[in-house]
Amino acid sequence: MPEILFSVDHSKSMRDQAVPGHNRWHPDIPTVAMVKPGAEFRMECRDWTDCQVGNNDTANDVRDIDLTIPHMLSGPIGVEGAEPGDLLVVDILDLGPVPQQTGDAAGQGWGYTGIFAKANGGGFLTDYFPDAYKAIWDFHGQQAVSRHLPGIRFTGITHPGLFGTAPSTEMLARWNAREQALIDTDPNRVPPLAVPPDATNALAGTATGDLAKRIATEGARTVPARENGGNHDIKNFTRGSRVFYPVHVKDAKLSGGDLHFSQGDGEITFCGAIEMGGFIDFHVDLIKGGMETYGISTNPVFIPGNVEPRYTEFLTFIGISVDHDTDTNYYLDATLAYRRACLNAVEYFKKFGYSGEQAYLLLGSSPIEGRISGIVDIPNACCSLYVPTAMFDFEVRPSATGPTKADRGQCAVATA
């Protein structure tokens, strides 16, 4: 087993670990360990919310999540010799839930998918599903099942939602300025257009005193993907993947977390993956001057791994850039087209006895394939959503006999 460079005791908050992680991006967060190019090592990871969500049948915990706390990241790990302009080569050797443990923390044999309330984060379909809901998933080897979504079993595609290198001081300032400019276009929007720096519940790793205060005040929130990598939520970023991260600071400072047992393309409920704590094993190397050599200057490049579920039959839903609620056409709007594909799938699965919320949770967590199918045929963009049919224990394809409707239970809901 590779050497563990960042360890987590899942009975404790990330703040109370022997070596705490961090939940903001900042160039001055101290490294917790240094490795040489060619090293292999393990990082243990806490659930992204620091385990604010429990294995229960209420969605009150999802509704009430304190979003100043995420994402809880492990690291940073420094790489000797890494300098701005290099490419950090990161291979994912292995990853998974917390090994050989059952317990109350996500990743200890179970995980969860949440629909966030519109007033607290929202999601891709938040105007249609404005309240909080949840599904708990139990892990059985590579497969997941849920008491909140009966009739479904699928093989997960385990991956990290979030990994990246530290930004430079100049890059951090640009992030914060441009995101604030976006917020200022509609400062009272719910959910907000972006999340600015906020010292509330900021965790600065091993930094103390004035440095910790400065990191808390200046540090960028970890919500989006950015030039350093960050919260990509790419489901195919799994075992065997190789990522080429731009290096912006000395030693590169690799950090991450937000491990997922499974996820559909888009992670559409916001907390749409099957969230968990666990471990991830890396191999790292350097390409000196690689950013200029390969023209990789704005975002990472990655080679997907070759370990994924092998589903061969799909039911595919189509969406176009037309708002069917108002019969309004939009010009090549791929976001709207993908939203309509998702809504079409939700309406379809309701005919089999699932609630809309259950269908929404399923699309966020299962290994669906989302694609931009047409982006040039004016005025309509076209997106498609491929749902594996084998994950249902009943026939879901259309036929002359009609849908097999049954009592499909219910997901966890929030109560007053």
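Residues numbered from 1 in each chain as written. Predicted model: local features only at pLDDT ≥ 70, side-chain atom pairs only at ≥ 80, totals over all residues. Heavy atoms only, no water.

A word on the sheet that holds strand S13 (residues 242-246)
- Pairing is mixed in the open sheet, where 6 strands are placed in the order S1-S3-S16-S5-S13-S17. In this open sheet, the two edge strands, each paired with only one partner strand, are strand S1 (3-6) and strand S17 (301-303). When strand polarity is set aside, the average angle formed by the axes of neighbouring strands in this sheet is 30°.
- Note that S13 and S17 share 3 bridges and pair antiparallel. For Phe 244, the partnering residue across the bridge sits in S17 and is Val 301. (Pairing = 2+ DSSP bridges. Helix = DSSP H or I, 4+ residues; strand = E, 2+ residues; numbered from the N terminus. Axes fitted to C-alpha atoms, helices over the stretch in contact; angles between N-to-C directions.)

Let's talk about a nonpolar patch on the surface
- Taken together, the side chains of Ile 372, Ile 375 and Val 376 define a hydrophobic patch exposed on the protein surface, amounting to about 300 Å² of accessible area.
- Tracing the backbone shows Val 376 in the loop between strand S21 (369-374) and strand S22 (382-388).
- Residue class for Val 376 comes out exposed when judged on its relative accessible area of 62%. (Patch = residues over 30% accessible without salt bridge, like charges linked within 9 Å, V, L, I, M, F, W, Y side chains within 5 Å. Areas by Shrake-Rupley, 256 points an atom, 1.4 Å probe, with all protein chains shown as cover. Salt bridge = Lys/Arg side-chain N within 4 Å of Asp/Glu carboxyl O. Buried < 20%, exposed > 50% of the residue type's maximum accessible area, 1.4 Å probe, protein only.)

What to know about the environment of Asn 231
- For Asn 231, the location among the structural elements is in the loop between strand S12 (229-230) and S13.
- For Asn 231, a relative accessible area of 11% puts it in the buried group.
- Between the C-alpha atom of Asn 231 and that of Asp 258, which follows or precedes it by 27 residues, the distance is 8.4 Å.
- In this structure, Asn 231 is in contact with His 71, Gly 161, Leu 162, Thr 222, Val 223, Pro 224, Ala 225 and Asp 258, ignoring residues within four places of it in sequence.
- Of the polar contacts made by the side chain of Asn 231, one reaches the side chain of His 71; its length is 3.5 Å.
- Here Val 223 takes part through its backbone oxygen, which lies 2.7 Å from a polar atom of the side chain of Asn 231. (Contact = heavy atoms within 4.5 Å. Polar contact = N/O pair within 3.5 Å; in protein donor to acceptor, adjacent residues only side chain to side chain.)

Quick look at the nonpolar core
- If you look at the biggest cluster of nonpolar residues, it comprises 77 residues, and the most contacted ones within it are Leu 88, Phe 349 and Phe 392.
- Broken down by element, this core gets its largest block of residues, 10 residues, from helix H5 (residues 334-350).
- Excluding anything up to four places from it in sequence, Phe 392 contacts Gly 151, Ile 152, Phe 349, Tyr 354, Leu 362 and Val 387.
- One finds Trp 48, Val 62, Tyr 112 and Ala 117 within the second-largest nonpolar core, a separate group that totals 13 residues. (Core = buried A, V, L, I, M, F, W, Y, C linked by side-chain atoms within 4.5 Å.)

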